Amino acid sequence: MQPERRKTALAFHAKDDLPEIRRSVFQLLMTHELRFSAVIRDMHRVAAEVRARNAADPEYRHRENELYDALVNHLFKGGFHEADHFRICFARRGKSGRTAALRQALENSRLAYERNFGFRTRHTTDVIPASPPESAGLQAVDYFLWALQRLYELGEERYWEFVRAKARLVYDVDDTRQSSFGVFYTSDKPLTSEARAKK
């Protein structure tokens, strides 16, 4: 809790927070009207795709931002009908500002949405880079992602079970058991450890 340790005193961060604080944050999140969506990639699958692309084109070099921008595209391409204005806060990554690249990823999502649904959107968008101490939303997302990571990497469902009611969509791109484009978990088809165990 000391500011010089640059942890909970500055912002809530599920990985670093004490269990008592983490429990209180989860309880607080559940009292708010919010919805969570995520796109998941299996990094083993991503690595295999990069190796295959390198084999086909030895000049190709994977850039982390390519994957990040593709995930942004997946995350936003289905929701442009839901509001007239979007204020999207992204976690600042590293020292370079990527606002222009993220705007382009969002524009690509918008174009895909218009192609898929056949009509032009009329919304406006603000893209704001921030760090977690500057944004309660980023701190909330960190908690949801931590719970999701525990489910995926450790098979530990208790944290995800606690927040699952706030999850609108979890898109697992690499779960191709039933379709080549992955699986969408929603409130009608919830993400559980049992659903994942069939993978």
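So, how was this worked out
- Residues numbered from 1 in each chain as written.
- Predicted model: local features only at pLDDT ≥ 70, side-chain atom pairs only at ≥ 80, totals over all residues.
- Heavy atoms only, no water.
- Core = buried A, V, L, I, M, F, W, Y, C linked by side-chain atoms within 4.5 Å.
- Buried < 20%, exposed > 50% of the residue type's maximum accessible area, 1.4 Å probe, protein only.
- Helix = DSSP H or I, 4+ residues; strand = E, 2+ residues; numbered from the N terminus.
- Contact = heavy atoms within 4.5 Å.
- Phe/Tyr/Trp six-rings, centres within 6.5 Å; stacked < 30°, edge-to-face > 60°.
- Lys NZ or Arg CZ within 6 Å of the ring centre and 35° of its normal.
- Expected span 1.5 Å × (residues − 1).
- Salt bridge = Lys/Arg side-chain N within 4 Å of Asp/Glu carboxyl O.
- Axes fitted to C-alpha atoms, helices over the stretch in contact; angles between N-to-C directions.
- Parallel < 35°, antiparallel > 145°, perpendicular 65-115°, else oblique.
- Left-handed = near helix turned anticlockwise from the far one by under 90°.
- Nonpolar A, V, L, I, M, F, W, Y, C, P; charged D, E, K, R; others polar.
- Pairing = 2+ DSSP bridges.

> Describe the nonpolar core, with residues and values.
Most often, soluble globular proteins keep nonpolar side chains buried together rather than apart. Membership of the largest hydrophobic core comes to 25 residues, with the highest contact counts inside it found for F26, L148, W160 and L191. Those elements that place two or more of their residues in this core are α1 (19-30), β1 (36-40), α5 (136-154), α6 (158-163), β4 (167-172) and β5 (183-185). Top element by residues in this core is α5. It accounts for eight residues. Residue contacts for F26: discarding those within four places in its chain leaves Y143, W146, A147, Y159, F162 and V163. With eight residues, the next largest nonpolar core counts I88, F90, L102 and L106 among its residues.

> Account for the packing of aromatic side chains, with residues named and values stated.
Inspection of every chain in the model, using the stated rule, returns 10 aromatic pairs. On the basis of an interplanar angle of 25° and a centroid distance of 5.9 Å, the ring pair of F26 and Y159 is categorised as stacked. One end of the pair, F26, is in helix α1; the other, Y159, is in helix α6, and 133 residues separate them in sequence. A network of ring pairs unites the aromatic residues F26, Y143, W146, Y159 and F162 as a single cluster. Over the face of the ring belonging to Y185 we find K189, whose NZ or CZ atom lies 5.9 Å from the ring centre.

> For helix α3 (residues 64-76), give the residues involved together with the corresponding values.
If you check α3, its first and last C-alpha atoms are 19 Å apart, about what 13 residues at 1.5 Å a residue would give, namely 18 Å. All buried positions along α3 are accounted for by L67, D69 and V72.

> Can you tell me about the pattern of salt bridges, naming the residues and giving the values?
A full pass over the atoms with the stated rule returns 12 salt bridges. When the shortest N-O distance is used, the salt bridge between R41 and E49 registers 2.9 Å. Here R41 falls in the buried class, since its relative accessible area comes to 19%. Each of the salt bridges in this network shares a partner with another, and the network as a whole consists of R41, R45, E49 and D174.

> Describe the packing of α3 against helix α4 (residues 99-117), naming the residues involved and giving the relevant values.
Axis separation between α3 and α4 bottoms out at 8 Å; the angle between their running directions is 40°. It follows from the interaxial angle that α3 and α4 lie oblique. Judged by the sense of rotation from one axis to the other, the crossing of α3 with α4 is right-handed. Two secondary-structure elements touch here, α3 through Y68, D69, V72, N73 and F76 and α4 through A101, L102, A105, L106, N108 and S109. For the contact of α3 with α4, the class distribution of residues is seven nonpolar, three polar and one charged.

> Now, about the sheet that holds β4: what can you tell me, with residues and values included?
Strand order in the open sheet made by the three strands is β1-β4-β5, with mixed pairing throughout. Only two strands of the sheet have a single partner each, and these edge strands are β1 and β5. Taken pair by pair, the neighbouring strands of this sheet meet at an average axis angle of 10°, ignoring direction. Taken strand by strand, α3 contacts β1 and β4, and its axis lies near 135° from that of β1.

> Which residues make up the environment of A147, and what values do they have?
With respect to the secondary-structure elements, A147 resides in helix α5. Separated by 15 residues in the primary sequence, A147 and F162 have C-alpha atoms spaced 8.8 Å apart. Sequence-distant contacts of A147, defined by excluding residues within four places in its chain, comprise F26, Y159, W160 and V163.

> Help me get a handle on the packing of α1 against α5, residues and values and all.
Interaxial distance between α1 and α5 falls to 11 Å at its minimum, and their mutual angle equals 110°. Here α5 runs roughly perpendicular to α1, going by the angle between their axes. For the pair formed by α1 and α5, the contact residues are I21, R22, V25, F26 and L29 on the first element and A140, Y143, F144, W146 and A147 on the second. Here the contact of α1 with α5 is composed, by residue class, of nine nonpolar, no polar and one charged.

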